[in-house]
Structure formats: structure tokens, C-alpha cells
Amino acid sequence: MLPTTSPQTNGALGSRDAARHTAGAKRYKYLRRLLHFRQMDFEFALWQMLYLFTSPQRVYRNFHYRKQTKDQWARDDPAFLVLLSIWLCVSTIGFGLVLDMGVLETLKLLLWVVFVDCIGVGLLISTLMWFISNKYLLKHPSRNFDVEWGYAFDVHLNAFYPLLVILHFLQLFFINHIVVINSDWFLGYFVGNTLWLIAISYYLYITFLGYNALPFLKNTVVLLYPFALLGLIYVLSVSLGWNFTRGLCWFYKYRVQ
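Now for a description of the structure that goes with this document. (Residues numbered from 1 in each chain as written. Predicted model: local features only at pLDDT ≥ 70, side-chain atom pairs only at ≥ 80, totals over all residues. Heavy atoms only, no water.)

### Some points on the overall build of the chain
Then, in step 1: A tally of regular secondary structure across the chain gives 11 helices and 0 strands.
Then, in step 2: Each helix and strand of the chain, ordered N terminal to C terminal, gives the series α-α-α-α-α-α-α-α-α-α-α.
Then, in step 3: Accessible surface for the chain amounts to roughly 14,900 Å². Of this, 68% is attributable to carbon and sulfur atoms. (Helix = DSSP H or I, 4+ residues; strand = E, 2+ residues; numbered from the N terminus. Areas by Shrake-Rupley, 256 points an atom, 1.4 Å probe, with all protein chains shown as cover.)

### Brief notes about a nonpolar patch on the surface
Then, in step 1: On the surface, a nonpolar cluster with roughly 1,200 Å² of combined accessible area is contributed by Leu-104, Leu-107, Leu-111, Trp-112, Phe-115, Val-116, Ile-119, Leu-123, Trp-130, Phe-131, Tyr-136 and Trp-149.
Then, in step 2: Of all the elements, helix α6 (residues 103–136) adds the most residues to the nonpolar patch, at 11 residues.
Then, in step 3: Tracing the backbone through its elements, the reader meets Phe-115 in helix α6.
Then, in step 4: We classify Phe-115 as exposed; its relative accessible area is 53%. (Patch = residues over 30% accessible without salt bridge, like charges linked within 9 Å, V, L, I, M, F, W, Y side chains within 5 Å. Salt bridge = Lys/Arg side-chain N within 4 Å of Asp/Glu carboxyl O. Buried < 20%, exposed > 50% of the residue type's maximum accessible area, 1.4 Å probe, protein only.)

### Examining the packing of helix α5 (residues 79–98) against helix α7 (residues 149–170)
Then, in step 1: With their axes 10 Å apart at the nearest point, α5 and α7 run at an angle of 20° to one another. Regarding the angle of α5 to α7, the classification is roughly parallel. Crossing geometry of α5 relative to α7 is assigned as left-handed. Within the contact between the two elements, α5 uses Phe-80, Leu-81, Leu-84, Trp-87, Leu-88, Ser-91, Thr-92 and Phe-95 and α7 uses Leu-157, Asn-158, Phe-160, Tyr-161, Leu-164, Val-165, Leu-167, His-168 and Phe-169.
Then, in step 2: Within the contact of α5 with α7, the residues separate by chemical class into 13 nonpolar, 4 polar and no charged. (Axes fitted to C-alpha atoms, helices over the stretch in contact; angles between N-to-C directions. Parallel < 35°, antiparallel > 145°, perpendicular 65-115°, else oblique. Left-handed = near helix turned anticlockwise from the far one by under 90°. Contact = heavy atoms within 4.5 Å. Nonpolar A, V, L, I, M, F, W, Y, C, P; charged D, E, K, R; others polar.)

### Quick word on the packing of aromatic side chains
Aromatic rings in a pair are described by how distant their centres are and how their planes are angled relative to each other.
Then, in step 1: Summed over the entire model, instances satisfying the criterion amount to 21 aromatic pairs.
Then, in step 2: Between Phe-95 and Tyr-252 the ring centres are 5.2 Å apart and the planes differ by 80°, which places this aromatic pair in the edge-to-face class. Note that Phe-95 is positioned in helix α5 and Tyr-252 in helix α11 (residues 244–255), a separation of 157 residues in sequence.
Then, in step 3: Owing to a relative accessible area of 0%, Phe-95 belongs among the buried residues under this scheme.
Then, in step 4: The exposure class of Tyr-252 is buried, given its relative accessible area of 4%.
Then, in step 5: Measuring from centroid to centroid gives 5.4 Å for Trp-149 and Phe-153, while their planes differ by 10°, and the two rings are stacked. Of this pair, Trp-149 and Phe-153 are both found in helix α7, 4 residues apart, which corresponds to roughly one turn of the helix.
Then, in step 6: Trp-149 sits in the partly exposed class, given a relative accessible area of 32%.
Then, in step 7: On the basis of relative accessible area, Phe-153 is assigned to the buried category, the value being 16%.
Then, in step 8: Stacked on the ring of Phe-80, the Lys or Arg Arg-75 has its end atom at 4.1 Å from the ring centre. (Phe/Tyr/Trp six-rings, centres within 6.5 Å; stacked < 30°, edge-to-face > 60°. Lys NZ or Arg CZ within 6 Å of the ring centre and 35° of its normal.)

### Comments concerning the layout of surface pockets
Then, in step 1: Its boundaries defined by the atoms lining it, the second largest pocket holds a volume of some 450 Å³.
Then, in step 2: Lining the second largest pocket are 19 residues, and of these Asp-117, Phe-160, Leu-163, Leu-167 and Trp-196 sit closest to its centre.
Then, in step 3: Elements represented by at least two residues in the lining of the second largest pocket include exactly α6, α7, α9 (186–212) and α11.
Then, in step 4: Residue contributions to the lining of the second largest pocket peak at 6 residues, all from α7.
Then, in step 5: Residue classes in the lining of the second largest pocket are distributed as 15 nonpolar, 3 polar and 1 charged. (1 Å grid on protein atoms, 1.4 Å probe; cavity = no way out; pocket = protein on both sides within 12 Å on 5 of 7 lines; lining within 4 Å. Points joined across faces, edges and corners; volume = space filled by probe spheres on them.)

### Quick notes on the nonpolar core
Then, in step 1: Core analysis: the biggest nonpolar cluster contains 64 residues, and Tyr-60, Phe-95, Tyr-151, Phe-160, Tyr-211, Leu-217 and Tyr-252 have the highest contact counts within it.
Then, in step 2: Looking at this core, the elements that each hand over two or more residues are α3 (42–54), α4 (56–70), α5, α6, α7, α8 (172–175), α9 and α11.
Then, in step 3: Looking at this core element by element, the count peaks at 13 residues for α7.
Then, in step 4: Apart from residues no more than four positions distant in its own chain, Phe-160 is found in contact with Leu-84, Leu-88, Cys-118 and Tyr-203. (Core = buried A, V, L, I, M, F, W, Y, C linked by side-chain atoms within 4.5 Å.)

### Regarding the side chain of Asn-158
Then, in step 1: Note on placement: Asn-158 falls in helix α7.
Then, in step 2: Among the polar contacts listed, one links the side chain of Asn-158 to the side chain of Tyr-60, at a separation of 3.4 Å. (Polar contact = N/O pair within 3.5 Å; in protein donor to acceptor, adjacent residues only side chain to side chain.)

Here you go:
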């Protein structure tokens, strides 16, 4: 015997299903999982971190799969954010040790880096990219197709991770040792500025891939245009002896005074 349902029942189910996919519901689910570590898939988050270096396209293919299965582009598992926060804390403490900071100074630097550089700047960039993509990059502006703010934040986190590892971890071994980036000699600022070039290139490219993966956006190639400016700044910095790493070290010390 075939099941029968009334129109009112279908409408109620439809409204409940729609409510589960509202921005508020998604945000509540995401924040709630932050308190339940056993529900987080850290193994998968580590897999994503690895492939953001070697094959970031594979990471965004998983975002497509999530859209098909869970009807949302943004992550619903905060495991990646938790691991990124751990990386940020450990690397910042490493910076404090390399720059001969005391415990209190290192703690101040950690608070600055986490709440201003990571969270504050991250929210600002994500909101800006969310606005630009929905305002200027939609193929057919409609309420049915738009860039989720959570997805814009995920794209930023994806792009920020390689930059963090290169500039906040790998670079630590070169600041006072091996090449001594924090100096005025050519090899020092050449290696240091090259690391900055690689890190920012990762950020720009992974950001481009993130928005290019959305089938309802157009002209995403404009997100690659900053590469021209980046290359020009790099050539000028090496030619004129600008040392970005030395400037970063000075800025970090100035912050905690």
C-alpha cells in the first residue's frame, strides 16, 4: 500500500528542512561541535592540510562533495580551525623564543597574533571577499545562488595555513641561524623575501581556487591579478635591499613593549 501524506504535512517537513539549512542553524551546529572533540575528524583535517601544499584542488573537490551531500559549501566540522589554532600558538611561541622574548612578552604576542592577526584580519578579509564575490562575481544574481560567508571564511583559512607554516614556522630556522635572514646582507634578505613571495603566492592561488570552484561565479581570474603586483614588489625589495622579515621581527617586538 502506498504511503499517503497531506499537503500540510509536506509543507511542515519542507519548512523544517529549510530551517536546518539557515545560516543561523549552520553556525549553531558548527559552534556546538567546537565543544565536542570526539565529533571532530582530525585525521581528515590533517589530510586537508597536507594537500593544501601539494594539491589544493583536491581539497576543494571535497567542498563540492559536501555541497552535494549536506547542501552547504562551508565546513561543518571545526577540526581544521582547531588544528590551525594549535599551529598558530606553537609557531608564535617559537617566534618568542627566537626573538629572545620573556614569558609575559610571548604571551602578549600570542594574544595579538591570535585575536588580531588571525581572527580580526581573517574576519575582515572573509567579509570583504564575501561582499565582492556576491556583488560583482555572480553569473546570475539571485537569492538562489550566493557565496556563503562561512565558505569565504573557509577559503581564507585554507589560504592562510600554508602562509602560516612558511612565515611563522619554516622561517624561524633561518632568522638567526643557517642564512640569518634578520640581517643586512644580500643572501639574508634574498632568502627571507623569497619565503614571503612563496607564502603570499600560496595565499593568492588557494584563494583563487576557492572561488573558482564555485560554478555560479564568473571572472574569478581577476583574483590572480595581484600576482603582477606581488612580483614587482619582490623584484624591488631584492634590488633595494628591503628586508620584510626584519620588519616583521621589529613589529613583533614593538607590539609587546
